[in-house]
Amino acid sequence: MNNALFLTLVRFVLLVLTQVLIFNSLNFLGGINPMVYVIFFYWYPLKGNQSIFMLVSFFLGLLIDMFSDTLALGAIASLTAAYARPVILRFCFGVNFEFQNFSFKNTTKVQRLTFLALLVLIHHLVYFSLEILDWSHFLLILRKVFATGLVTLVLCTLFSSLFSPKSE
Amino acid sequence: MQRIINFILRYRNAFLYGFLVLISLVMTVNSHSYHHSKFFNSSKWLSGSIYGWGADISGYFGLREENRKLVEENERLRMLLFNAPGDTLPPLDSIADYRVMAARLIKNSISSPRNYLTIDMGSKQGVEQDMGVITTNGILGIVENVSNNYATVQSVLNTKSNINAKIKNSEYFGSLIWDGRDHTTVQLIDIPRLVPLVVGDTIVTGGMSSIFPERIPIGTIKKYELNPSRTFYNIEVELFNDMANIRNVYLIESRDLNEIKTLEGRTTDE
């Protein structure tokens with residue numbers, strides 16, 4: 001089995017376990033449960049097949065949903081984040097992204113942080129809008145998106161610097 | 001034809017996205033309107049056993065606290081037993097109709113508008129849908145999906161939850177619901193405005209429910225106000241249970257539940 005595929009698989013399983021066993025029962029400040037599995041979309045190889053990436057993300061979301069009894073919220077949110085990823089990549093890294101030998105190594109910290117933040121924002125916006133499913137609670141949705149999104153972003157940044165492989 | 005195929009191939013990601021979103025939207029809407037999915041829920045073998053392992057490990061850190069709670073409950077029950085029987089106990093026939101089983105909570109959730117919990121007992125141990133679930137302090141929820149060894153519970157902290165409740169020592173009953181905001185308070189509605197209310201009054205389960213026995217504690221009145229039409233009260237009820245910190249629960253099996261359900265089903269059919 002090739003190295004990148006194996007790494008992605010291990011990340012998939014570990015992220016699901018960390019999410020459902022630790023972060024789903026965190027209830028930080030009375031109910032903020034960060035969704036750290038969003039970092040999967042950041043870590044997934046950039047040059048892979050987009051359709052497969054969307055399918056994998058969909059199943060990641062669905063698996064998390066199965067554990068947390070939030071049926072299909074995570075699946076839609078993950079799928080949307082995966083679908084939007086090429087656009088976000090182009091937005092954050094500009095023309096550089098089009099080159100064949102593009103990697104995170106020759107990008108700035110700010111660019112990477114923007115990329116991650118946009119992924120988190122899209123994922124959380126879709127997730128909480130559908131969870132509440134009522135636009136009269138618009139402020140509640142925004143509050144949840146920003147509170148949870150901020151904690152998720154901080155944790156994901158920590159994760160990405162803690163577990164960044166030197167070889168990539 | 002060739003053009004159509006080319007078109008689809010060119011936009012295959014957009015089509016894939018639309019297709020998968022459609023599937024998941026159907027699932028989401030279904031789970032909002034009725035019982036959540038029978039196939040994708042945390043009572044299943046895989047999620048159940050993983051949560052079980054998790055609870056095995058984290059359970060050790062709360063043993064002292066759990067022991068204290070159980071001893072306190074024993075104390076309370078002993079006191080009931082020794083002092084004036086019949087006065088403080090629910091009527092005898094009400095006891096005889098219910099059977100109690102102990103179970104362990106392996107997954108808790110309080111932050112979503114629709115919270116579901118998972119317990120480590122299933123159909124093999126005699127758990128059935130619509131059994132009541134309580135803790136030493138008060139009510140917790142109602143069993144929703146059951147697998148062989150695990151079951152999911154719809155928490156009172158669920159916007160779909162609707163439980164019959166009344167003010168202690170009176171016969172005025174209303175519906176206990178949750179607005180999805182604060183995990184320490186739930187709402188009691190449909191109490192008529194002529195009822196005298198005092199902040200701090202105890203709210204207990206009412207006798208109109210076939211799921212819970214009468215007079216199981218729920219919480220105390222935190223504040224109350226008349227609803228916009230000025231005919232009923234909206235009451236904020238502070239729960240006795242600390243919903244974030246629960247490990248041991250009791251399941252209540254009502255012997256009459258099936259009979260009442262078939263009877264009610266027959267009545268609404270006709």
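This part covers the sheet that holds strand β12 (residues 248–254) of chain B. Residue and element names in this part refer to chain B. In spatial order, the strands read β1-β2-β5-β4-β3-β12; together these six strands close into a barrel with antiparallel pairing. Pairs of neighbouring strands in the sheet enclose a mean axial angle of 45 degrees, with direction left out of account. Of the strand pairs in this sheet, strand β1 (residues 98–107) and strand β2 (residues 114–119) are connected by two bridges, and their pairing is antiparallel. Pairing of Leu105 across the sheet is with Ile119, part of β2.

Compared with the 28 Å implied by 1.5 Å per residue over 20 residues, the 28 Å span of helix α4 (residues 63–82) of chain B between its first and last C-alpha is a close match. Sparse coverage of α4(B) is indicated by the burial of zero of its 20 residues.

All names here are of chain B. Relative to the assigned elements, Val143 resides in strand β4 (residues 139–146). Spatially, the C-alpha atom of Val143 lies 15 Å from that of Asn248, the residues being 105 residues apart in sequence. If sequence neighbours within four positions are ignored, Val143 has contacts with Val127, Glu128, Gln129, Asp130, Met131, Val133, Ala151 and Val153.

Below, the discussion takes up the environment of Leu25(B). Locating Leu25(B) in the fold gives a position in helix α2 (residues 12–33). Spatially, the C-alpha atom of Leu25(B) lies 31 Å from that of Leu188(B), the residues being 163 residues apart in sequence.

Counting 47 residues, the largest nonpolar core has Val36(A), Tyr37(A), Val38(A), Phe40(A), Ile76(A), Leu79(A) and Leu119(A) as its most contacted members. Among the elements of the structure, α1 (3–21), α2 (39–43), α3 (50–68), α4 (73–93), α5 (109–132) and α6 (138–162) of chain A together with α2 of chain B are those that each provide at least two residues to this core. Beyond its immediate sequence surroundings of up to four residues, Ile76(A) is in contact with Val126(A), Leu130(A), Val21(B), Ser24(B) and Leu25(B).

Here the focus is the interface of chain A and chain B. The interface of chain A with chain B comprises 26 residues on the first partner and 30 residues on the second. Contributing elements (two or more residues each) for the side of chain A that touches chain B: α3, α4 and α5 of chain A. Broken down by element, the residue count for the side of chain A that touches chain B peaks at eight residues, all from α3(A). Classifying every residue of the side of chain A that touches chain B by side-chain character gives 15 nonpolar, eight polar and three charged.

Criteria and cut-off values
- Residues numbered from 1 in each chain as written.
- Chains lettered and ligands numbered in written order.
- Predicted model: local features only at pLDDT ≥ 70, side-chain atom pairs only at ≥ 80, totals over all residues.
- Pairing = 2+ DSSP bridges.
- Helix = DSSP H or I, 4+ residues; strand = E, 2+ residues; numbered from the N terminus.
- Axes fitted to C-alpha atoms, helices over the stretch in contact; angles between N-to-C directions.
- Expected span 1.5 Å × (residues − 1).
- Buried ≥ 20, exposed ≤ 12 C-beta atoms within 10 Å, placed from the backbone.
- Contact = placed C-beta atoms within 7 Å.
- Core = buried A, V, L, I, M, F, W, Y, C linked by C-beta atoms within 7 Å.
- Nonpolar A, V, L, I, M, F, W, Y, C, P; charged D, E, K, R; others polar.

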